[in-house]
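Each chain is listed here by its residues.
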Amino acid sequence: MELDNRAPIERLPAEIFDQIMPHLAITTPTNGYTTRNKDLASCLLVSRTFHYHTLATLYSHVSFPHSTIFSKFLSHIQKYPELGELVRRADFSSFTSVGLGRTMRMNFEIQKLTATTLKACLTLTPKLQEFLANESMGMDMDSGVLQKLFCDLPYLQALDFCGMTDKEFVDGMAKVLVPTNSSLPEKMPIKRIGLHGCTTVHMSSISTLLPRLPFLTHLDLTHMQVTDAMLQTIPHTARLTHLSLSRCNRLKGPAVVDFLIEHPATQNLVYLNLLFETSRYRLLSVNDVDKLLPKLPFSLKSLNLSGAKIVSEHVPLLRRLAKHLEELSIGYADLSVQDVCSILEPGYAEDEENTKDPVKHTLHYLDCTGIASINPAALLYIQTCNLLLPSSYPLQVIELSEKVISGLKDRPVPGKKVGWRVKDQGRRGWFVRAEAGVHPKGEEVIKKSLADDGDRPWKMGGKWWGNRKTGCAIGEISGIYGYYGFGI
């Protein structure tokens, strides 16, 4: 009988190694040029057993912050094609074409990441499940690359083209997504697709794509040329949990409400973004909001209605939704301070008199951007506004307009007394519960607040509140994805 001379840890079942090794993986480096996954790479040198089990984790999720890393990776899998079989996610979400002292033109001339090299990479990664791109790659996403993504990868489940508007990408979509393309599957395996900010994609491309997504769960069409008729072509077998129709100015309110209420694919939504800028277009009228609010599913955790015509009569319906929502955006609503505070009150709208066992709200985030009655003086006057008091917990974040945030910065002492402070990024700003303050129960509430890191399964790896970009893969939100999600 042959003795097993391996160390006890090496005798663990493969399934245990598969649970351990991913904890060493770093999905997002601190910057694009420092050593990444150093600990995981060290495991390759421990023993043959560790080498074997580490490879699958090391190559499962590969990230490319710049072209040099991509070039090295491509060369390696060209030399060892079997490693390409291990790749499940190609993450270009933090990719930039500028770096290391080079301009975009210089990088183009170096030819490290081009349509040709991208296509070669996709050919060598046949079991790819997630492809996350961004606007920096738009010139390299031609018809050859898109043909490979849409037609030749049978295991592909997630595609994200965030912010792409380049002519090469748009023309490639128009060439590949046509009914006459015999290679285009009638039923694509894709479950999650992000077209956030792809404003120049032709309507014909979208109308060809949507009916071919029977397994769809995540759909981000923010700022796209989508029509009401296109939404109705989404297969009834789809089960949408995340949907963004923000800034789709071709949509009509009544048709969108009908789609959300009646279409079989929208009955279990968890995340719904209907944000519109009132200065350009208002999607939902008072009647649309009247019809929509009572029909929204109990599964919903994040609802963005900023720009909708919300009035005081809608407060009871919003209060009812606040018993299961964790995020609520009501920007530019026609509400008083008391109306906004009433949304957080216990009890249900249809049972106001039953106070025997009132149900508290579950909101952690409330977007009050553009509400005229919400200003620094009104927020900090706790005799009439209880949003900042310990009693409003679990509310942790209130998003406000730039003017209000500026006013709160000028009043740091009153803010500190109630335990809140300003946080801003890009064009957006938040008032955040950060300290105990001077009010009773403040210590108890801040302990609970600090213990909650914001991590939720429906956030797809994000932890901050108020993300306006639908995630297509679980992971830390960074780079251009972070900018579109939290910066604008």
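Quick look at the structure, then. (Residues numbered from 1 in each chain as written. Predicted model: local features only at pLDDT ≥ 70, side-chain atom pairs only at ≥ 80, totals over all residues. Heavy atoms only, no water.)

## With respect to the packing of helix α4 (residues 67-79) against helix α7 (residues 115-123)
The cut-off we apply is this: Inter-axis angles, ranging from 0 to 180 degrees, are taken between N-to-C directions of lines fitted to C-alpha atoms, where helices are fitted over the stretch in contact. Secondary structure elements are taken from DSSP: a helix is a run of H or I of four residues or more, a strand is a run of E of two residues or more, and numbering for both begins at the N terminus. Angle categories are assigned with fixed cut-offs, so that under 35 degrees is roughly parallel, over 145 is roughly antiparallel, 65 to 115 is roughly perpendicular, and the rest are oblique. Each crossing gets its hand from how the near helix is turned against the far one by less than a right angle, where anticlockwise is left-handed and clockwise is right-handed. Note on contacts: a residue pair is in contact if any heavy atoms of the two residues lie within 4.5 Å.
Orientation of α4 relative to α7, taken along the N-to-C sense of each, is 45°, at an axis distance of 10 Å. Classed by the angle they form, the pair α4 and α7 counts as oblique. Crossing angle aside, the handedness with which α4 passes α7 is left-handed. The residues of α7 that touch α4, namely those facing Phe70, Phe73, Leu74, Ile77 and Gln78, are Thr117, Leu118, Ala120 and Cys121.

## A word on the pairing of strand β13 (residues 420-425)
Quick note on the threshold: When DSSP finds at least two bridges between two strands, those strands are taken to pair.
Two elements, β13 and strand β14 (residues 428-433), share 6 bridges in a ladder whose sense is antiparallel. Looking at the pairing, glutamine 425 lines up with arginine 428 of β14. Here β13 folds back onto β14 in antiparallel fashion, the turn holding 2 residues, of which glycine 426 has a positive phi close to 60°.

## As for the side chain of asparagine 273
Spelled out, the test is: Throughout this description, buried means an accessible area under 20% of the type-specific maximum (1.4 Å probe, protein chains only), exposed means over 50%, and partly exposed covers the range between.
Position of asparagine 273 relative to the elements: it lies in strand β8 (residues 271-273). Residue classification places asparagine 273 among the buried positions, given a relative accessible area of 2%.

## Overview of the environment of valine 286
Turning to its location among the elements, valine 286 is positioned in helix α13 (residues 286-292). For valine 286, a relative accessible area of 29% corresponds to the partly exposed category. Sequence spacing of valine 286 and histidine 314 is 28 residues, and the spatial spacing of their C-alpha atoms is 8.8 Å. Excluding residues within four positions of it along the chain, valine 286 makes contact with Lys309, Val311 and His314.

## What about the pattern of salt bridges?
For clarity, the threshold we go by: By salt bridge we mean one thing: a side-chain nitrogen of Lys or Arg within 4 Å of a carboxyl oxygen of Asp or Glu.
In the structure shown here, the tally under the stated rule is 17 salt bridges. Here glutamate 85 ties to lysine 127 by a salt bridge, and the two come within 3.9 Å at their closest N and O atoms. In this pair, glutamate 85 sits in the loop between α5 (81-84) and β2 (89-91) while lysine 127 sits in the loop between α7 and β3 (130-134), placing the two residues 42 residues apart along the sequence. We classify lysine 127 as partly exposed; its relative accessible area is 33%.

Any functional reading would require information that these geometric values do not contain.
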